[in-house]
Amino acid sequence: MTPSLSERASTGVAGLDEVLLGGLVPTRSYMVRGQAGSGKTILGFHFLQQGVDEGETALFINLEEDLRDLKSNAAALGFDADAIEFLDLSPGADAFVEDESYEVFAPSEVEREPLTDRIVEGVTTVDPDRVVVDPLTQLRFLLSDDYQFRKQVVGFMRFLKDRGATVLFTVQNTDSLPTDDLEFITDGTIRLNAGAYGKTVSVPKFRGSATQSGDHAYRITDAGMSVFPALQPGTRDEELAFEQVSSGIPEIDELLHGGIERGTVTIVSGPTGVGKTTLSTQFMKEAAGRGERSVIYLFEENRETFLARSRAVNIPVDEMLAKGTLQVTEVEALERSPQEFARMVRDEVEEEEADIVMIDGISGYRLTLRGEREQMLQQMHALGRYLKNAGVTGVFVDETRNVTGEFHATMENISYLADNIVFLRHLEVDGELRKAIGVLKKRTSDFERTIREFKITEHGISVGEPMSGLRGILSGTPEVVERDADGAASPDDADE
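Scope of this entry: the structure provided in the associated data block. (Residues numbered from 1 in each chain as written. Predicted model: local features only at pLDDT ≥ 70, side-chain atom pairs only at ≥ 80, totals over all residues. Heavy atoms only, no water.)

### Notes on the overall build of the protein
Helices and strands together make up the secondary structure of the protein, namely 14 helices and 22 strands. Counting the 496 residues in the protein, one finds 49% classified as buried. A sequence separation of at least 24 residues applies to 68% of the contacts in the protein between residues at least 6 apart. Surface summary for the protein: the accessible area is close to 23,500 Å², and the carbon and sulfur share equals 46%. (Helix = DSSP H or I, 4+ residues; strand = E, 2+ residues; numbered from the N terminus. Buried < 20%, exposed > 50% of the residue type's maximum accessible area, 1.4 Å probe, protein only. Contact = heavy atoms within 4.5 Å. Areas by Shrake-Rupley, 256 points an atom, 1.4 Å probe, with all protein chains shown as cover.)

### Remarks on the pairing of strand 17 (residues 420–429)
The element strand 17 is largely enclosed, with a buried count of nine among its 10 residues. By the bridge criterion, four bridges tie strand 12 (residues 265–270) to strand 17 in an arrangement that is parallel. Following the sheet pairing, Thr 266 is matched in strand 17 by Asn 420. The sheet contact formed by strand 17 and strand 18 (residues 432–442) spans 10 bridges and is antiparallel. Bridge pairing links Leu 424 to Ile 437 in strand 18. (Pairing = 2+ DSSP bridges.)

### Looking at the pattern of salt bridges
In this structure the tally under the stated criterion is 28 salt bridges. The salt bridge involving Glu 292 is made with Arg 262; its shortest N-O contact spans 2.7 Å. Placement of the pair is Glu 292 in the loop between helix 8 (276–289) and strand 13 (294–298) and Arg 262 in the loop between strand 11 (260–261) and strand 12, with a sequence separation of 30 residues. Taken individually, Glu 292 and Arg 262 each receive the classification buried, so the pair is uniform in this respect. Salt-bridge contacts for Asp 419 lead to Arg 443; the nearest nitrogen and oxygen are separated by 3.2 Å. Within this pair, whereas Asp 419 is found in the loop between strand 16 (393–399) and strand 17, its partner Arg 443 is found in the loop between strand 18 and strand 19 (452–457), the two being separated by 24 residues in sequence. (Salt bridge = Lys/Arg side-chain N within 4 Å of Asp/Glu carboxyl O.)

### Quick word on the side chain of Lys 442
Here Lys 442 lies in strand 18. Among the polar contacts made by the side chain of Lys 442, one reaches the side chain of Glu 261 at a distance of 2.9 Å. Within polar-contact distance, the side chain of Lys 442 engages the side chain of Ser 445 at 2.7 Å. Ignoring sequence-local partners within four residues, the contact set of Lys 442 consists of Gln 244, Leu 256, Gly 259, Glu 261, Asp 419, Asn 420 and Phe 447. (Polar contact = N/O pair within 3.5 Å; in protein donor to acceptor, adjacent residues only side chain to side chain.)

### Focus on the sheet that holds strand 16
Taken in spatial order, the nine strands line up as 14-13-15-16-12-17-18-19-20 in an open sheet, and their pairing is mixed. Each end of this open sheet is capped by a strand with a single partner; those strands are strand 14 (326–330) and strand 20 (460–466). For this sheet, the mean inter-axis angle between neighbouring strands, taken without regard to orientation, is 20°. Strand contacts of helix 8: strand 12, strand 13, strand 14, strand 15 (356–360), strand 16, strand 17, strand 18, strand 19 and strand 20, with the helix running at about 165° to strand 15, the strand carrying the most contacts. Packing against the sheet, helix 11 (residues 338–350) makes contact with strand 13, strand 14 and strand 15, and its axis sits at approximately 165° to strand 13. (Axes fitted to C-alpha atoms, helices over the stretch in contact; angles between N-to-C directions.)

### Thoughts on the environment of Gly 78
Examined against the element boundaries, Gly 78 turns out to sit in the loop between helix 3 (67–76) and strand 3 (85–88). We classify Gly 78 as exposed; its relative accessible area is 62%. Note: C-alpha distance between Gly 78 and Gln 49 (29 residues apart in sequence) is 9.7 Å.

### Points about the nonpolar core
Formed by 35 residues in total, the largest nonpolar core has its most connected members in Ile 252, Leu 279 and Ile 437. By residue number, the principal contributor to this core is helix 8, which donates five residues. Residues in contact with Ile 437, not counting those within four places in the same chain, are Ile 252, Leu 255, Leu 279, Val 422, Phe 423, Leu 424, Thr 450, Ile 451, Arg 452, Phe 454 and Val 463. (Core = buried A, V, L, I, M, F, W, Y, C linked by side-chain atoms within 4.5 Å.)

### Quick look at helix 8
Taking 1.5 Å per residue as the helical rise, helix 8 with its 14 residues ought to reach 20 Å, and the 21 Å between its terminal C-alpha atoms agrees with that figure. A large share of helix 8 lies buried, amounting to 11 of its 14 residues. Along helix 8, the residues classified as buried are Lys 276, Thr 277, Thr 278, Leu 279, Ser 280, Thr 281, Gln 282, Phe 283, Met 284, Ala 287 and Ala 288. Two residues or fewer after helix 8 comes Gly 291, characterised by a positive phi angle close to 80°. (Expected span 1.5 Å × (residues − 1).)

### Side note on helix 11
Compared with the 18 Å implied by 1.5 Å per residue over 13 residues, the 18 Å span of helix 11 between its first and last C-alpha is a close match. With 10 of 13 residues buried, helix 11 lies mostly within the body of the structure. All of the buried residues in helix 11 are Pro 338, Gln 339, Glu 340, Phe 341, Ala 342, Met 344, Val 345, Arg 346, Glu 348 and Val 349.

### Some words on the sheet that holds strand 1 (residues 29–34)
Here we have nine strands laid out as an open sheet, ordered 3-2-4-5-1-6-7-8-9, and mixed in their pairing. Of all the strands in the sheet, the pair left with one neighbour each is strand 3 and strand 9 (224–228). The mean angle between the axes of side-by-side strands here comes to 20°, regardless of whether they run parallel or antiparallel. Relative to strand 6 (residues 188–195), strand 1 runs parallel, the two being bridged by five bridges. Residue pairing across strands places Tyr 30 opposite Gly 188, the latter belonging to strand 6. Running at roughly 150° to strand 3, helix 3 makes contact with strand 2 (58–62) and strand 3 of the sheet.

### Regarding the side chain of Thr 281
Mapped onto the elements of the fold, Thr 281 is located in helix 8. In contact with Thr 281, not counting residues within four places along its chain, are Ile 296, Phe 306, Ile 315 and Met 358.

### Notes on the environment of Leu 21
Among the secondary structure elements, Leu 21 is positioned in the loop between helix 1 (14–19) and strand 1. A residue is classified by how much of its surface remains accessible, and Leu 21, at 34% relative accessible area, is partly exposed. In sequence terms Leu 21 and Arg 8 are 13 residues apart; their C-alpha atoms lie 9.1 Å from each other.

### Some words on the environment of Glu 319
If you trace the backbone, Glu 319 turns up in helix 10 (residues 317–323). On the accessibility criterion, Glu 319 (43% relative accessible area) is partly exposed. A C-alpha to C-alpha distance of 9.5 Å links Glu 319 and Ala 288, two positions 31 residues apart in sequence.

Next up, the structure:
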């Protein structure tokens, strides 16, 4: 029978508890595995501090690091080292200074028994509810072979379990001393990986319960460890009533047959300087008038530039910010993982009740991944699905490469993720640079298939009538269509 969440032992790291669906199962042993510097000891302190906060007795069995350094580092991260019991079994300076040799017995035979006695005595005296052993692999050097090591570890874990303790033990995996054999001994494994593309944590084994699968990001700061679970899109609890979100500009709403639908994802694409961000923000200006809350994440532009540009085109961003109908957050892509960014979005949706979320832009968001393009598509898909299931309208801004010339709907080939695609285009007409707007895709209804002229002035966005007098608009260099007195295209044009 799986223990309920209320019966779980919290790790002291909220995000990790979420991955574990509530925390650790009490009176069991768990292995924390990772390379040097990945944060194994810090996780151990979080676990023990949580026990102290809940009125439990916490014991740290130290087999390697100097005790004074250990306590000092713990205190620097905000842990109450004085409230934690320590059993210091680390080598002292005398291990180097004193000239001890064993001519008859191997060191393992001489040192193992006193060490075991000290562990039994220390645990019996403290009678802990939570125990951290750091690192357990240090015991391997005191035993004659791998069989004896595994046997002693099994006995050690059983001894602690029989005393009602929940145990975390750390191991450091190396090529010369692998720790795969310990996977069979423990009730669960938490793997920390400090890789080239950031730090991740996974839980490949967890007896007695399911966990959130996959790699989850984590960060170590002056306050300790924070875990950011991979986004789980979930399911929509109830069907949304069909409701259209107006842009506030009649001509754009005509192109979209009324607007975009609530709870859908819209991609606004186009080359640099064409007005993608301004168009997207226009939907939020209209939403603010309805008292709805919008959030904009800027990946490619700083906040002050965005605000200044919005003011210049008659979007009242200052008023929206003051009323709380708009939140603008500048995101430094290379400093955040996609999981950490997803947590930011979740907090805005679930805690601040955001109605519209805008990501400006997709290529900047991709930098958070610092990995394979396929990963980006998976993360974008999960984010879009999450917003839709939460009933939140998503607007993703995508910059295409060509100012004119060959037409691309999106640059990152993510058009399949979108319910709606609105594109903007630069045009060169008679030596003059102009702009056009059109709709390429709309899943929930029909849409107008004409292309209209698009302008941004100090008074805001202006959209004209369909540009029926031009052909080849998507090429960026359209040609004027010659028409007869009745308005029909000339024969040469009709043939084409």
